[in-house]
Amino acid sequence: MRYVLIVGGELFNKGAQAMTFALIQEIKRRYSDKEIILLSTDDYKRKQSEKELYGFRILPWNRKMVFSLAFYGGGILCKFLPGAQYINETKELRKILKDTDVIYDINGYALSSQFGSQMSYLYLLNIKIAKKNNIKMYLLPQSFGPFNYDGIHNYLLNRLIKKYMKYPIKVFAREKDGIKCLENKISNNLVKSYDLVLHTSEPDEKLIYKKSNNDQYIKIIDNSIAIVPNMQTIRHGSKIKLFKLYYEIINTLLEQNMNIYLISHSYEDTQLCKEIKENYKSINKVVLIDKELSCFQYNKIVSKFNFIISSRYHAIIHAYKKGTPAIVFGWAIKYKELLETFEQSKFLFDVRDSINLESVIDSIEDMNKNLSFYKSTIIKHYNKIREDDILNQHGVFNI
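Notes on the structure in this doc start here. (Residues numbered from 1 in each chain as written. Predicted model: local features only at pLDDT ≥ 70, side-chain atom pairs only at ≥ 80, totals over all residues. Heavy atoms only, no water.)

### Here we look at the overall build of the chain
Part 1 of the reasoning: Looking only at helices and strands, the chain features 18 helices and 13 strands.
Part 2 of the reasoning: Its C-alpha atoms give the chain a radius of gyration of 22 Å, near enough to 21 Å, the size a compact globule of 399 residues would have.
Part 3 of the reasoning: With the C-alpha coordinates aligned to their principal axes, the bounding extent of the chain is approximately 65 × 45 × 45 Å.
Part 4 of the reasoning: The buried share of the chain, taken over its 399 residues, is 56%.
Part 5 of the reasoning: For the chain, the share of sequence-separated contacts (at least 6 apart) that also reach a separation of at least 24 residues comes to 71%.
Part 6 of the reasoning: With 59 positive and 43 negative side-chain charges, the chain shows a separation of 7 Å between the mean positions of the two kinds. (Helix = DSSP H or I, 4+ residues; strand = E, 2+ residues; numbered from the N terminus. Rg over C-alpha atoms; globule rule 2.2 N^0.38 Å. Buried < 20%, exposed > 50% of the residue type's maximum accessible area, 1.4 Å probe, protein only. Contact = heavy atoms within 4.5 Å. Lys, Arg positive; Asp, Glu negative; His and termini not counted. Charge placed at Lys NZ, Arg CZ, Asp CG, Glu CD.)

Quick look at the structure:
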């Protein structure tokens with residue numbers, strides 16, 4: 001048996017889930033003889049009955065395992081690492097690595113000084129493991145940089161980035177900023193690319209699940225919009241200001257006789273949706289979808305909305321794939337470049353700045369008035385991305 005390993009993916013956050021499923025689908029469409037293994041400690045901790053639903057295997061991948069496999073090969077010495085866990089799984093992975101054809105890294109955003117030095121060391125150790133075992137590796141579309149670490153870590157990590165980022169066959173950067181951060185460190189393997197989910201075809205549950213997931217159909221009423229909040233906006237902005245903004249938006253939409261659906265795109269956002277709904281307990285036109293949606297379920301319903309108001313990056317990606325426009329409350333460069341790609345920049349509002357309510361309301365009116373135009377513009381750009389087919393051009397799926 002030959003293996004394909006996926007690092008940086010997981011199934012709790014729907015954006016990460018979407019990237020994981022998109023990659024697995026592309027592999028399964030091409031190869032029936034490879035066993036796909038998702039390396040995700042949190043997902044490994046799921047109940048066995050949950051894991052058995054999937055048509056791929058899940059194994060843990062915590063920092064002690066990574067350290068052990070990078071420096072000791074996952075052997076007997078891993079027992080002596082402080083707080084070592086998953087010793088049997090580490091030994092199994094050491095054997096699997098010998099028969100692995102390719103490792104795909106689908107981290108959305110991990111190699112950056114914004115998250116401290118430890119995450120960057122662990123990120124580079126994934127590459128070290130691939131190199132040590134002579135395994136092909138691709139860093140699929142993600143954000144990179146900046147690389148301004150504290151103290152001695154700035155010297156060490158920038159040297160290690162230059163050393164190890166040359167090893168993957170291709171490094172796909174989603175944004176121009178990522179290209180700028182890496183171009184003085186690597187060159188021959190660096191490629192500008194859009195998000196993985198934009199490059200892949202429509203999702204097919206049969207390629208992911210062993211048996212039907214029996215998703216309950218969610219009916220969306222005509223003349224509806226979705227609000228998809230994000231806990232990160234609270235961390236980067238002001239909760240009080242953002243909630244006031246949401247309330248003003250919802251009140252405006254209600255005055256226009258529209259229906260509003262509150263959707264959580266990640267488990268950590270569920271509470272935000274509940275808090276917003278609490279202000280509209282007796283109003284049926286504000287609907288809380290209180291169940292956790294898979295990316296398949298979200299993909300099925302997003303085309304039913306006139307437009308969405310979202311702070312979740314992959315909620316916007318799925319919307320654009322269906323030709324559904326979005327008003328976006330973002331905080332990172334990835335939102336800016338995504339909306340520029342689809343000629344939707346006027347609908348981006350940065351939560352780190354003071355958002356003008358009147359401008360948001362004007363955007364809603366503009367969206368309602370010119371909905372067909374914005375839909376057709378989005379579809380035009382999405383079709384162009386699919387035609388370019390960057391990942392296949394660079395042989396990403398030629399295992």
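The discussion continues.
### Here we look at the pairing of strand E2 (residues 34-39)
Part 1 of the reasoning: Among the six residues of E2, five are classified as buried, and the element is accordingly described as predominantly covered.
Part 2 of the reasoning: When strand E1 (residues 2-7) meets E2, the two strands line up parallel, connected through six bridges. Bridge pairing links Val 7 to Leu 39 in E2.
Part 3 of the reasoning: Viewed along the sheet, the connection from E1 through helix H1 (residues 14-30) into E2 turns out right-handed.
Part 4 of the reasoning: As paired elements, E2 and strand E3 (residues 57-59) share three bridges and run parallel to each other. (Pairing = 2+ DSSP bridges. Right-handed = clockwise from strand over helix to strand, strands pointing away.)

### Description of the sheet that holds strand E6 (residues 170-173)
Part 1 of the reasoning: Ordered in space as E3-E2-E1-E4-E5-E6-E7, the seven strands form an open sheet in which the pairing is parallel. Each edge of the open sheet is held by one strand with a lone partner, namely E3 and strand E7 (190-192). Each neighbouring strand pair of the sheet contributes to a mean axis angle of 25°, computed without reference to strand direction.
Part 2 of the reasoning: For E1 and strand E4 (residues 100-105), the ladder comprises five bridges, and the chain directions are parallel. Bridging from a neighbouring strand, Val 7 pairs with Asp 105 of E4.
Part 3 of the reasoning: Against the sheet, H1 engages E1, E2, E4 and strand E5 (136-142), with an angle of about 170° to E2. (Axes fitted to C-alpha atoms, helices over the stretch in contact; angles between N-to-C directions.)

### Some details on the environment of Lys 211
Part 1 of the reasoning: Along the polypeptide, Lys 211 turns up in the loop between helix H9 (196-199) and strand E8 (224-228).
Part 2 of the reasoning: Through-space distance from the C-alpha of Lys 211 to that of Tyr 194 is 31 Å; in sequence the pair is 17 residues apart.

### What about unusual backbone geometry?
Part 1 of the reasoning: Cis geometry marks the peptide bond from Gly 145 to Pro 146; its omega dihedral reads 0°.
Part 2 of the reasoning: Phi is positive for Asn 134, close to 55°, though the residue is something other than glycine.
Part 3 of the reasoning: Unusually for a residue other than glycine, Asp 389 sits at a positive phi of about 50°.
Part 4 of the reasoning: By secondary structure assignment, the location of Asp 389 is in the loop between helix H17 (371-388) and helix H18 (390-393).

### Description of the packing of helix H14 (residues 313-321) against helix H15 (residues 333-341)
Part 1 of the reasoning: Close contact between H14 and H15 brings their axes to 11 Å; oriented N to C, the two are set at 10°. When the interaxial angle is binned, H14 and H15 end up roughly parallel. Where H14 abuts H15, its residues Tyr 313, Ile 316, Ile 317 and Tyr 320 lie against Lys 334, Tyr 335, Leu 338 and Leu 339.
Part 2 of the reasoning: The residue makeup of the contact of H14 with H15, split by class, is seven nonpolar, no polar and one charged. (Parallel < 35°, antiparallel > 145°, perpendicular 65-115°, else oblique. Nonpolar A, V, L, I, M, F, W, Y, C, P; charged D, E, K, R; others polar.)

### Side note on helix H12 (residues 270-278)
Residues that lie three or four places apart on an α-helix share one face, since the helix turns once every 3.6 residues.
Part 1 of the reasoning: Among the residues of H12, Leu 272, Cys 273, Ile 276 and Lys 277 are the ones counted as buried. Down the axis of H12, the smallest arc covering the buried residues is 135°, so these residues share one side.
Part 2 of the reasoning: Elements in contact with the buried residues of H12: helix H10 (231-236), helix H11 (239-255), strand E9 (259-262) and strand E10 (286-288). (Arc of directions from axis to C-beta.)

### Observations regarding the packing of aromatic side chains
Geometrically, a pair of aromatic rings is defined through the distance of the ring centres and the angle of the planes.
Part 1 of the reasoning: Scanning the entire structure with this criterion turns up 23 aromatic pairs.
Part 2 of the reasoning: When the centroid spacing of 5.1 Å and the interplanar angle of 35° are considered together, the rings of Tyr 54 and Phe 56 count as tilted.
Part 3 of the reasoning: Given the relative accessible area of 8%, Tyr 54 is considered buried.
Part 4 of the reasoning: Members of the aromatic cluster, connected to one another through ring pairs, are Phe 21, Tyr 54, Phe 56, Tyr 209 and Phe 296.
Part 5 of the reasoning: The residue whose ring lies beneath Lys 51 is Tyr 44, and the NZ or CZ to ring-centre distance is 4.2 Å. (Phe/Tyr/Trp six-rings, centres within 6.5 Å; stacked < 30°, edge-to-face > 60°. Lys NZ or Arg CZ within 6 Å of the ring centre and 35° of its normal.)

### A closer look at the pattern of salt bridges
Part 1 of the reasoning: The full count for this structure, using the stated rule, is 23 salt bridges.
Part 2 of the reasoning: The salt bridge involving Arg 46 is made with Asp 43; its shortest N-O contact spans 2.7 Å.
Part 3 of the reasoning: Assessed through its relative accessible area of 14%, Arg 46 is described here as buried.
Part 4 of the reasoning: A residue is classified by how much of its surface remains accessible, and Asp 43, at 0% relative accessible area, is buried.
Part 5 of the reasoning: Note that Glu 202 and Lys 322 form a salt bridge whose closest N and O atoms lie 2.9 Å from each other. Taken together, the residues Glu 202 in the loop between H9 and E8 and Lys 322 in the loop between H14 and strand E12 (326-330) connect sequence positions 120 residues apart.
Part 6 of the reasoning: On the basis of relative accessibility, which here comes to 36%, the residue Glu 202 falls in the partly exposed class.
Part 7 of the reasoning: Salt bridges sharing partners connect three or more residues here, namely Arg 2, Lys 34, Asp 99 and Asp 101. (Salt bridge = Lys/Arg side-chain N within 4 Å of Asp/Glu carboxyl O.)

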